[in-house]
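Structural description and commentary
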Amino acid sequence: MLALAGGYAMWVLPFQFYGTPAWRTRNIATAWAFMALGVAMLVNTAACMVDRWPVVLRRTGVSMRIKPRTTEGSVVRSPLPPDEARDLCAGALGGTQDSTSVARVRGRFGPLGTEVFHLALTLLAVALALNAGGIFRGKVVLVEGESFSGRDRASYAEPVPAELASLPDSALPDTTIRLVKVTTSFWKDVQLFNRLEARVAVGAEERREVLTISSPMVVDGASIAVDGFGYAPQLHLVGPDGRTADQFLKLKVFPPGSFDEFDIPDTPYRLRLAVYPDASKEGTGVANASYNLVRPLILARVEDPLQSAGDEPAFQGMLRPGEKAEFLGYTLSFPSIRYYAELRVIRNPGAAWFMAAALLATGGLILRYGARRREVLVIVTAHGSGSELRVHTAAEGWGRSHRARAVERVRRAVDGQVVSAEREGGEDRG
Amino acid sequence: MRTVGSLPEVWLTLAAAAAFGLAFAVDLLDAWRSGAAAAMEAAEGPGATRAAGWLRGMSVASAMTGLALLTTGIVLRWIGIGHPPIFGSWENAMAASWFLVVGVLVASAVWREWRFVGLGLYPGAVLTIVWGLRFNTNRIDLTISERSLWVDLHVLVAWSAYVVLAMMLCAALLSIARSSEKKRGRSLRLLRALPDAGWTDDLVAASTGWSFVGFTGVIVSGAWYSYLLFGETWRWDTVEVLALVVWLVLGLALHLRLFYGWRGARLAAVLSFGYVGVLAVYWVLALVPYASYHFFELPF
């Protein structure tokens, strides 16, 4: 464990502070030396769990572990007679009493927490092993109104087709999703998204879901969320022969005004486009007020790829949706602009195991520390006209606090005085 | 653009810092005066003599006043921008100092042996606020990736753990001081009213255990949110890796104590080393733009 902590501190952190990408950190951490260390730790953990199991079971027993003969105990003297003092003491501690003593055991199952926590580490190893088999990460880009089928490899923008082709069908979610609507907004006039929602219809039954970047839906074991969007103007081009081209073009959003290029089908031309989502024309320039699709303006430039760089384009101009422009017998327009959404599709086989491990680990620790085993044994004897109560305690961890509270509770219950406070002992290994 | 003067919460927070500073000064004076009564402490447990002191009341009143000012500032900001203080180092400073002071007040009210912790956590709260002033104090809306109750929960767990970790550091430093006293054979007057070596060991054990629980909660809640956000529970992000290191160091300290009997200064040194990582996780990485997706300093 020391080697692991030291190794990380020495190797990973210096790289991290210089902006090392996560993949490099991952590569370092999954190097054979670290993997071997991880396996050794796992074996060690499993062996310790097996080795300590009888001890843990013993510690969950009802019988008290306090040995009054071996500990001095703290002494409280009370003016009350022994029987009354014992009754009051039992009531205050919530313990059981016999003719001479009061006993209380709390947190019997606390020791199991340690085992549960270490068991969780084993589950974590299962999660890592499952993920080593591969996490599927796909990206789908849909314009509002478009659908995709999870097992149709052509639907995916990522990963590359060769990688997709090598995947079994079971790696891909068996579902269909139709993008109904994308809603987005920015804060003020700066590049800070404060809303990005994709409303989708899922499956044949068209079940409605709202996806955001942090609220995915899980379909057939795959987590699907929206993690990007863009503008998709609808290109409508009528050629001199009356043939039309009609399609949605998916443009980049950032930086605003950056150009995307498309070959126009069945023509020799290339179209370069930029969208200003909330724009007004100012002379020959454009003023864009925000990134919200409020008053879109499309800057279009039609070029012949065979032309020289300095030649005039076939067309260049700014169009609002619905406006038409003509060049060389063609009629160009953009009847509408829609949003498109980028959906990330991830199948993470170890995620469920990881979360089970995480919950078990947390639960185990809370059981271990929140319900640690604590014992109090109070032996009551007569002392003159009153009584003397000798308070013995034991606890798994921070025994002094436990002892101080127990003694104080007994003192208050019997209206007594502490005449001798035990200062050492009484603490179990915990 | 810095607009310190136009935001009421900034001034309220500064006033709160002054109150926390006063609480610290009073606690310091109290510890100094109580040093002579250490014998009574030894007999009745730490904090016994200070409990009755008017200085103690003054310290609590000062801290409560500061807390009221800071809470008002946080509420004003929350109402003004529509989200709890979780975005950027200034908001983190407000939240952290709030949690630190609440931690002192709750711990010292419930557990008498923890009363000394104000000596560490009050100045900690003041320094945190001063640190926060280095950053943009403007009110900025939450970006989409931070708009989730799971983020709020993650932050809540993180600051709760931070308080316990800070208490652990205080206990560890006190443990080092006690070891040093033992070596030199004489005790400092300032430390006489503080928990003795045996109690300190108790406090170190308790706070280390609960720090481990809390930090596990931080990592688990973060892993869950990472799954929601990226589809992956672990991404080898800088903050994640450093948090793992801190977690391992805490686990290491627990094992050293349980199985190798480490106590006192040796164990405290390990814990203090771990706390350096805690500071880096919570604060320093904010200075390294884009080293992590936990970077929230936006230039607006």
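Every value quoted in this text rests on a predicted model; they were computed, and no experiment measured them.

1. Some details on the environment of B:Phe99
Residues and elements named next belong to chain B. With respect to the helices and strands, the residue Phe99 is situated in helix 5 (residues 89-110). Along the chain, Phe99 and Val281 lie 182 residues apart, while their C-alpha atoms are 17 Å from each other. Apart from residues no more than four positions distant in its own chain, Phe99 is found in contact with Trp159, Ser160, Tyr162 and Val163.

2. Considering the domain arrangement of chain B
Residues and elements named next belong to chain B. Looking at the assigned domains, one finds that chain B contains domain 1 (1-142) and domain 2 (147-295). For domain 1 versus domain 2, the separation of C-alpha centres amounts to 20 Å. When residues of the side of domain 1 that touches domain 2 are traced back to their parent elements, those giving at least two are helix 1 (8-34), helix 2 (38-44), helix 3 (48-51), helix 5 and helix 6 (118-132). Top element by residues in the side of domain 1 that touches domain 2 is helix 5. It accounts for seven residues. When grouped by side-chain class, the residues that make up the side of domain 1 that touches domain 2 number 19 nonpolar, seven polar and three charged.

3. Thoughts on the sheet that holds strand 5 (residues 147-149) of chain A
Residues and elements named next belong to chain A. Pairing is antiparallel across the open sheet formed by four strands, whose spatial order is 5-6-7-8. On the outer flanks of this sheet lie strand 5 and strand 8 (207-211), each paired with one strand and no other. Taking each pair of neighbouring strands and ignoring which way they run, the sheet shows an average axis angle of 30°. As paired elements, strand 7 (residues 193-202) and strand 8 share five bridges and run antiparallel to each other. Bridge pairing in strand 8 places Val200 opposite Glu209.

4. With respect to the sheet that holds strand 13 (residues 270-276) of chain A
Residue and element names in this part refer to chain A. Strands sit in the order 12-13-16-17 across an open sheet of four strands; the sheet is antiparallel. Pairing within the sheet leaves two strands with one partner each, and these edge strands are strand 12 (260-263) and strand 17 (315-319). Neighbour-to-neighbour, the strand axes of this sheet turn through a mean angle of 20°, independent of strand direction. Looking at chain direction, strand 16 (residues 297-303) and strand 17 are connected through five bridges and run antiparallel.

The rules behind the values
Residues numbered from 1 in each chain as written. Chains lettered and ligands numbered in written order. Predicted model: local features only at pLDDT ≥ 70, side-chain atom pairs only at ≥ 80, totals over all residues. Helix = DSSP H or I, 4+ residues; strand = E, 2+ residues; numbered from the N terminus. Contact = placed C-beta atoms within 7 Å. Domains from an automatic or database assignment. Nonpolar A, V, L, I, M, F, W, Y, C, P; charged D, E, K, R; others polar. Pairing = 2+ DSSP bridges. Axes fitted to C-alpha atoms, helices over the stretch in contact; angles between N-to-C directions.

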